[in-house]
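Here is how the chains run, residue by residue.
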Amino acid sequence: MLDPVLARIDADLPQAIQRLLALLRIPSISTDRIHAPDCEAAADWLVQDLTDMGFRAEKHPTTGRPMVVGTAGEGRRHLLFYGHYDVQPVDPLALWDRPPFLPEVQDTAEGKVIRGRGAADDKGQLMTFVEACRAWIAVHHKLPGRITMFFEGEEESGSPSLIPFMEAHKDLLRADLALICDTDLFDRDTPAVTTMLRGLLGEEVIITGPRMDLHSGMYGGAAMNPARVLARIISALHDENGRVTVPDFYDGVEELSPELRAQWDGLGFDQTSFLRDVGLSIPAGESGRGVLESIWARPTCEVNGLSSGYAGEGFKTVLPSKAMAKISFRLVGQQVPHRIREAFRAMVRSMVPPDCQVEFKEHGASPASVMATNDPAFEMARQALSDEWPRAAAFTGSGGSIPVAGYFKTILGMDSMLIGFGNDDDLIHSPNEKYDVRSFHKGMRSWARILAALA
Ligand code: BES
Ligand code: ZN
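Residues numbered from 1 in each chain as written. Chains lettered and ligands numbered in written order. Predicted model: local features only at pLDDT ≥ 70, side-chain atom pairs only at ≥ 80, totals over all residues. Heavy atoms only, no water.

## What about the overall build of the protein chain?
Filter applied, for reference: Helix and strand labels come from DSSP, where a helix needs a run of H or I of at least four residues and a strand needs a run of E of at least two; each type is numbered from the N terminus. Note on exposure labels: buried denotes an accessible area under 20% of the residue type's maximum, exposed denotes more than 50%, and partly exposed covers the range between, all computed with a 1.4 Å probe on protein chains only. In this analysis, two residues are considered to be in contact whenever any of their non-hydrogen atoms come within 4.5 Å of each other. Here Asp and Glu are counted as negative and Lys and Arg as positive; His is not counted, and neither are the chain ends. Every charge is mapped to an atom, namely NZ of Lys, CZ of Arg, CG of Asp or CD of Glu.
On a plain count of helices and strands, the protein chain comes out with 15 helices and 18 strands. In terms of its C-alpha atoms, the protein chain occupies a principal-axis envelope of roughly 80 × 50 × 50 Å. For the protein chain, the proportion of its 455 residues judged to be buried stands at 54%. By sequence separation, contacts in the protein chain at least 24 residues apart represent 79% of the contacts at least 6 residues apart. Computed over 46 positive and 62 negative side-chain charges, the inter-centroid distance for the protein chain is 2 Å.

Below, the structure is given as structure tokens:
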């Protein structure tokens, strides 16, 4: 059953690349309203592609970007596949070597890559699964089991429509297991099943001092500067050991079990080269903890954006009226997002002088999730991946967040399995994003093997 499908994937690779390039040419940036029609176009493209393959597929409008759901095949086990067709904004545009939505295949020292926004996150990954199904249908005239495709267009902007959509379409979406392709390999040769995802809490803080921007000579010394207030707050968020100081922040954070620690130690992660690749050498997390543990199993607080006063060219002696920071917390274990939000806000309020005002905007809150690795499907998938790649598959954590995995469990009672083929150097969310052709090709072959094993 499997071998002709793998052969078909190999033979069809050039066409599969062309299809991915076509999808990548659609600038489906979800955060920016200007690109709403492009998100519609990407959803239409996917509906058409699924329909051409024999799926019953539909675009479902939401108050934001549309969802795409398609279903085909029959069998005892029903699999739901999730990916997102929206992409991150492209700025800073000047740092791109070519237009982000004019993708191309390039030769690099590490092999051929597909360069363009969304190549790795998540259109290329999403298409690995679609292409595996296409090959299966081409060879066997049907899928190995019942498959529902579920594509979201708001993942990069906090998924505002996701919960209401899932609540309203439980019957359409409920399956035996969800497969999600939006994560990384462990390294170039080692595939991974991601078993833990961090949660995410986003907060925007705006401090207002004087009613308007002031001359810093006329008012400096008289008026409180909101940038100073904000800087003091930000610097108080971590102690000298890199621990987050928000009260009760670590409630629900557990230490790694000795078994998991030993398993991760056995992966041989090279933290020196991980940091060197981004121009750094000193781990900046909690003291006494390794980089892998800090990324996969520890919570964090990071400033993602910061602005106040004059930041243009030259100099301006201004005492700003406002100062703003966007702050995110990655969460692990049983940390409760809304409790941390309240504790954070109380801490910030306590540091704002009576003369200044503080305003908060919320930007999403999702808890960490841990996958049910005792489900036999995990061992089957691990075996299938190990058959395809040079090294045996690892069970890994991930520093990133994919809120849908948690919602599959809480809303649909369904476990998720996260398998992806990205590399650390794919530059997701950055200029010059790429996806290795090898990831794309072996990704399709991996899914074909997993489908053979699971469905
Ligand atoms: N694909 C990423 C998640 C990811 C990143 C997995 C790196 C593995 C390695 C996903 O599209 C993403 O970026 N998610 C956002 C969360 C969202 C709520 C904005 C994230 O993690 O910041
Ligand atoms: Zn993604």
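## Focus: the coordination of the zinc ion (ligand 2)
Let me state the cut-off plainly: Metal donors: N, O and S atoms at distances within 2.8 Å, or within 3.2 Å for Na, K and Ca, with water omitted from the atom set so that some sites may seem incomplete. In these descriptions, tetrahedral denotes four donors with every angle between 85 and 135 degrees, square planar four donors and octahedral six donors with opposite donors over 155 degrees apart and the rest between 65 and 115, and irregular any other case.
Taken together, the protein ligands of the zinc ion (ligand 2) are His84 (NE2), Asp121 (OD), Asp182 (OD) and Asp182 (OD), with distances of 1.9 to 2.6 Å. The site at the zinc ion (ligand 2) holds six donor atoms, and with the angles between them running 53 to 163°, its shape is irregular.

## With respect to the site of ligand 1
Inclusion rule: Residues are counted as near a molecule or strand when any one of their heavy atoms sits within 4 Å of it. Polar contacts, as counted here, are pairs of nitrogen or oxygen atoms within 3.5 Å of one another; within protein the pair requires one atom able to donate a hydrogen and one able to accept it, and residues that are adjacent in sequence qualify only if both atoms are side-chain atoms. Residue exposure ignores everything except the shown protein chains as possible cover, and the areas themselves are Shrake-Rupley values with a 1.4 Å probe.
Surrounding ligand 1, one finds 16 residues, the nearest of these being Glu155, Asp182, Arg330, Ser401 and His429. A distance of 2.8 Å separates an oxygen atom of ligand 1 from a polar side-chain atom of Glu155. Asp182 places a polar side-chain atom, nitrogen or oxygen, 2.8 Å from a nitrogen atom of ligand 1. Relative to its unbound accessible area of 520 Å², ligand 1 is 84% covered by the protein chains.

## Observations regarding the side chain of Arg341
Looking at the element boundaries, Arg341 is found in helix H12 (residues 337-351). Look at Arg341 and you get buried, because its relative accessible area is 7%. In this structure Arg341 touches Leu201, Gly202, Glu203, Glu362, His363, Gly364 and Ala365, once residues within four positions along its chain are discounted.

## Notes on the packing of helix H13 (residues 376-388) against helix H15 (residues 437-454)
Operational definition: Structural elements are reduced to axes, namely lines fitted to C-alpha atoms, with helices fitted over the stretch in contact, and the angle between N-to-C directions of any two is expressed from 0 to 180 degrees. Angles below 35 degrees are treated as roughly parallel, those above 145 as roughly antiparallel, those between 65 and 115 as roughly perpendicular, and all remaining angles as oblique. Here a crossing is called left-handed whenever its near helix is offset anticlockwise from the far helix by less than a right angle, and right-handed whenever the offset is clockwise.
Where H13 contacts H15, the two axes come as close as 9 Å, and the packing angle between them is 140°. The pairing of H13 with H15 is recorded here as oblique in orientation. For the crossing formed where H13 meets H15, the hand is right-handed. For the pair formed by H13 and H15, the contact residues are Ala377, Met380, Ala381, Ala384, Leu385, Asp387 and Glu388 on the first element and Lys442, Arg445, Ser446, Arg449, Ile450, Ala453 and Leu454 on the second.

## Let's talk about the sheet that holds strand E5 (residues 111-115)
Worth spelling out the cut-off: One bridge is not enough; two strands pair if DSSP finds at least two bridges between them.
Reading across from one edge, E4-E5-E18 is the order of the three strands in this open sheet, with antiparallel pairing throughout. The open sheet terminates on both sides in strands that have one partner only, identified here as strand E4 (104-108) and strand E18 (434-436). Geometrically, the sheet is characterised by an average inter-axis angle of 35° between neighbouring strands, direction not taken into account. In this structure, E5 lies alongside E18, joined through three bridges in antiparallel fashion. Bridge pairing links Val113 to Asp436 in E18. Strand contacts of helix H4 (residues 119-140): E5 and E18, with the helix running at about 40° to E18, the strand carrying the most contacts. The sheet contacts of H15 involve E4, E5 and E18, and relative to E18 the element is tilted by about 55°.

## So, the sheet that holds strand E11 (residues 300-308)
Judged by pairing direction, the sheet is antiparallel, and its four strands sit side by side in the order E11-E13-E9-E14 without closing on themselves. Single-partner strands in this sheet number two, and they are E11 and strand E14 (357-366). The sheet shows a mean angle of 15° between the axes of neighbouring strands, direction not considered. Relative to strand E13 (residues 322-331), E11 runs antiparallel, the two sharing eight bridges. If you follow Thr300 over to E13, its bridge partner there is Arg330. Across the face of the sheet, helix H8 (residues 226-235) comes into contact with strand E9 (199-208), E11 and E13 while running at roughly 15° to E13. Taken strand by strand, H12 contacts E9, E13 and E14, and its axis lies near 165° from that of E14.

## Overview of the UniProt feature "domain: Peptidase M20 dimerisation" (unreviewed entry) in the protein chain
As a reminder, the rule being used: UniProt positions are given in the numbering used here, feature names are shortened, and annotations may be inferred rather than shown by experiment.
The positions UniProt marks with the feature "domain: Peptidase M20 dimerisation" (unreviewed entry) are residues 197-354. Across residues 197-354 one finds 32% helix and 22% strand; the C-alpha atoms that close the span lie 40 Å apart.

## A short note on a negative patch on the surface
Going by this rule: Residues qualify for a patch when their relative accessible area is over 30% and they have no salt bridge, like charges being joined within 9 Å and the nonpolar side chains of Val, Leu, Ile, Met, Phe, Trp and Tyr within 5 Å. Between Lys or Arg on one side and Asp or Glu on the other, a salt bridge is scored when a side-chain nitrogen of the former is within 4 Å of a carboxyl oxygen of the latter.
On the surface, Asp184, Asp187, Asp270, Asp277 and Asp424 cluster together into a patch of negative charge. Looking at the element boundaries, Asp270 is found in the loop between helix H9 (258-265) and helix H10 (271-276).

## Overview of the nonpolar core
In summary, soluble globular proteins display a tendency toward joint burial of nonpolar side chains. As a reminder of what qualifies: To qualify as a nonpolar core, a set must consist of buried Ala, Val, Leu, Ile, Met, Phe, Trp, Tyr and Cys residues joined through side-chain atoms within 4.5 Å.
Residues Phe55, Phe150, Phe151, Met166, Phe408, Phe440 and Trp447 are the most contacted members of the largest nonpolar core, which totals 90 residues. Broken down by element, this core gets its largest block of residues, 11 residues, from H4. Residues in contact with Phe55, not counting those within four places in the same chain, are Leu50, Gly70, Thr71, Ala72, Ile137, Leu143, Ile147 and Met149. With 29 residues, the next largest nonpolar core counts Val244, Ala323, Ala325 and Val332 among its residues.

## Let's talk about the environment of Asp424
Secondary-structure assignment places Asp424 in the loop between strand E17 (415-419) and E18. C-alpha of Asp424 to C-alpha of Asp184: the two residues are 240 residues apart in sequence and 7.3 Å apart in space. Apart from the residues within four sequence positions on either side, Asp424 is in contact with Asp184 and Phe274.

## Structural notes on helix H14 (residues 403-412)
Across the 10 residues of H14, seven count as buried, placing the element largely inside the fold. Just past H14, the residue Gly413 takes up positive phi, approximately 65°.

## Side note on the pairing of strand E7 (residues 177-180)
By the alternation rule, side chains of E7 split into Leu177 and Leu179 and Ala178 and Ile180, which are all buried. Pairing geometry for strand E3 (residues 78-84) and E7, over four bridges, is parallel. Across the sheet, the residue bridging to Phe81 is Leu179, located in E7.

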